[in-house]
Amino acid sequence: MESSKTTEDHTRSLLTRLAGPSTNKAGLQSVDKEKVNKIIYEVSKGSAFFENEVKRDAAVTEKINSMLSNYEKIKTQDLTADLVIVDTQLIELDQTRDLSQHICHIDMDAFYASVEERDRPELKSKPMAVGSLGMLTTANYEARKYGVRSAMPGYIAMRLCPQLIIVPNDFAKYTEVSGQIRRIFEKYDPDFSPMSLDEYVSTSELTVEAVIEQIRDEIFRETGLTASAGIAANKMLAKICSDINKPNGQYLLPNDRYAIMEFIAKLPVRKISGIGRVTERILEALEVKTCGDIYTQRGILYKLLSPINFGFLLRVYLGIGSTKIESDGARKSISVERTFSTLSKEEDLYNKLKEIAMKLADDLKEENLKCKTITIKLKMPSFQTVTRSKTICRYIQTGHDIFKYDAELPVSLRLMGLRASSFISSDDTQNMGLKRFFSSIPPSEMTSPSKKAKTYSASQENELDRDGVDLIKITTNDDYACPVCTHVLKNIDNTQFNAHIDICLNTVELKTILTTQSVSGTNEPQHSPSPKPTATGSSSLLNYFGNSSRQNPG
DNA sequence: TCCCCTTAC
DNA sequence: GAATGTAAGGGGA
């Protein structure tokens, strides 16, 4: 009986996982979730994605089980002393409560879908989603009745609702409309903060129900789109409230401690921004379903969770959240990733990676940031994902290195991504061409203090831009790392280095041509300037790949 | 510091 | 007939 119950739980968690992240979104309440989940399951079964999800789900289950075995031990313990600590913490937290202002969260209703409906009114009465057969970004309310939702593959949506109309994404249009809405908001609150294309947070003396009505009305008159709003004492509560009367409605939660506590107590924890599918499962295992349960279970939560997570839950229970309008804190990383139909050829992968690197460089430039750490992310056709990061920013080299052809290690990928992080706070605003971010690293930021970074400067720029590869001078004594072949060239000057780069690049080009013309499976083409491409400092990625390819052939 | 996981949209 | 995204933060070792 015990085991059949766990299998049942297991299946249920998998079904829920497959159903995706947004099953509680507005408009989905009336759906027969069981039936929808079953269809999703049937359609998904056997796919690589599915198998990967099964694994991930099992990992979460294991994590929960180990936590539960701890729970069993603690259950019987006397937690009196712990409760004293927790209750003191609660009192202290409660004193930080700020009820001095109204925060408003405005959220456009089914934003992309509504824009499309506005432009093609005949779609309004029909189930419609925005996206592609591969992936939907959102669905109108008519489609949601069938269980169609955002982040669902379109072909699965078609099974749930065969008459579904799928309209392609038009991000340029959505961005434009978003701009319109932001301008309206600015009139009411110059300090408002856009959370995304369709969410905005604001505060002001004027932020009372009537003003919010007025803003929503103005948005509607100007764009033909409806918005929903939540008004409460902090961002966390306001966000929850904006969902209550969606679509085209608003909800005000009074700035009153008792009202807030009562409101939050009966709220399922999953409604809290930051608590997702996994945390929901963990909490459920610990007998916490509503925010009120956090209090009941505070003793064991205190024992079982990290102080940070526990503190977060206490704040949730008290209904305390951030009241700052400006986005909290500076950005910590920027990344670009792309999914594509599976690529295996080194050249293809290399080119793709280069594209991604260029995009990332542009984004960094736009934000005037320099980074110290580069993380590469790779997703196999099996959906198994790995990341590797390096703190000396030589990703072009490692990136290229990874994909050196090795007959023994064919590699196929469905996604590659690059992330920049560990930003250097700097007032150096010149030479921020952040393809150039490597060369902008101040000496103090180099991993080895003895090495000093110097920049190849303007004179090379055009030539370098040609290939989007920057040059890094990594030592003081005229040693250069070639970004193409990764070889460190000792004691050469700029001219020699450039000559080397040219040869290298030509070789790569030649190699590309040769490879495309020849049958695959040939050995690595000669790459004369690079005597031993695998013998570089970046071989950890290579090593990884060696291992993982063997583990996951095909 | 690095790798993975989780989350929101 | 196949087809499941992108960006960011943070925890734990």
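Up top you'll find the structure we're talking about.
Please read these numbers as outputs of a predicted model, since none were measured by experiment. (Residues numbered from 1 in each chain as written. Chains lettered and ligands numbered in written order. Predicted model: local features only at pLDDT ≥ 70, side-chain atom pairs only at ≥ 80, totals over all residues. Heavy atoms only, no water.)

Chemist: Can you explain the overall build of chain A? Please cite residues and give values.
Modeler: Helix and strand counts for chain A stand at 20 helices and 15 strands. Burial analysis of chain A (554 residues in total) assigns 47% to the buried set. Pairs at least 24 apart in sequence give 66% of the contacts found in chain A among residues at least 6 apart. Of the roughly 27,600 Å² of accessible surface on chain A, a fraction of 51% belongs to carbon and sulfur atoms. (Helix = DSSP H or I, 4+ residues; strand = E, 2+ residues; numbered from the N terminus. Buried < 20%, exposed > 50% of the residue type's maximum accessible area, 1.4 Å probe, protein only. Contact = heavy atoms within 4.5 Å. Areas by Shrake-Rupley, 256 points an atom, 1.4 Å probe, with all protein chains shown as cover.)

Chemist: Could you give an account of the layout of surface pockets, with specific residues and numbers?
Modeler: Estimated volume of the second largest pocket: approximately 770 Å³. Among the elements of the structure, helix H1 (2-19), helix H2 (33-44), helix H3 (48-75) and helix H7 (154-160) are those that each provide at least two residues to the lining of the second largest pocket. Examining the composition of the lining of the second largest pocket, we find that five residues originate from one element, H3, more than from any other. For the lining of the second largest pocket, the per-class residue count stands at 13 nonpolar, seven polar and seven charged. (1 Å grid on protein atoms, 1.4 Å probe; cavity = no way out; pocket = protein on both sides within 12 Å on 5 of 7 lines; lining within 4 Å. Points joined across faces, edges and corners; volume = space filled by probe spheres on them. Nonpolar A, V, L, I, M, F, W, Y, C, P; charged D, E, K, R; others polar.)

Chemist: Run through the packing of helix H5 (residues 111-119) against helix H8 (residues 171-188), naming residues and quoting values.
Modeler: Direction vectors running N to C along H5 and H8 enclose 95 degrees, while the axes themselves pass 10 Å from each other. Between H5 and H8, the crossing angle belongs to the class labelled roughly perpendicular. Contacts between H5 and H8 involve Phe111, Tyr112, Val115, Glu116, Arg118 and Asp119 on the former and, on the latter, Phe171, Lys173, Tyr174, Val177, Ser178, Gln180 and Ile181. Considered class by class, the residues forming the contact of H5 with H8 number seven nonpolar, two polar and four charged. (Axes fitted to C-alpha atoms, helices over the stretch in contact; angles between N-to-C directions. Parallel < 35°, antiparallel > 145°, perpendicular 65-115°, else oblique.)

Chemist: Quick rundown of the pairing of strand E10 (residues 373-379)? Include the residues and the values.
Modeler: A regular strand carries its side chains on alternate faces of the sheet. For E10, a buried count of six out of seven residues is recorded, marking the element as mostly surrounded by other parts of the structure. Where E10 lies against strand E12 (residues 413-421), seven bridges are found, and the strand directions are antiparallel. The partner of Thr375 across the bridge, within E12, is Arg419. The pairing of E10 with strand E11 (residues 385-390) spans six bridges and is antiparallel. Bridge assignment links Lys379 to a residue of E11, and that residue is Thr385. Adjacent in sequence and paired antiparallel, E10 and E11 are bridged by five residues, among which Phe383 carries a positive phi angle near 75 degrees. (Pairing = 2+ DSSP bridges.)

Chemist: Break down the protein's contact with DNA strand B for me, with residues and values.
Modeler: Near DNA strand B, the surroundings consist of 23 residues, among which Lys239, Gly274, Thr279, Ser389 and Thr391 are the closest. Separating a phosphate oxygen of DNA strand B from a backbone N or O atom of Val278 is a distance of 3.0 Å. Note that a phosphate oxygen of DNA strand B is positioned 2.3 Å from one of the side-chain N or O atoms of Thr279. Taken together, the elements giving at least two residues each to the surface near DNA strand B come down to H3, helix H12 (277-285) and E11. Residue classes in the surface near DNA strand B are distributed as six nonpolar, eight polar and nine charged. (Near = heavy atom within 4 Å. Polar contact = N/O pair within 3.5 Å; in protein donor to acceptor, adjacent residues only side chain to side chain.)

Chemist: Report on the sheet that holds E10, specifying residues and quantitative values.
Modeler: Pairing in this open sheet of four strands is antiparallel, and the strands run E9-E12-E10-E11 from one edge to the other. Unpaired on one side and paired on the other, strand E9 (333-343) and E11 mark the two borders of the sheet. On average, each strand axis in the sheet is inclined to that of its neighbour by 15 degrees, with strand direction left out of account. As paired strands, E9 and E12 are joined by eight bridges and run antiparallel to one another. Residue Glu337 lies in a different strand from E12, and its bridge partner there is Gly417. Across the sheet, helix H16 (residues 346-367) lies against E9, E10 and E12, angled at about 155 degrees from E9, the strand it touches most.

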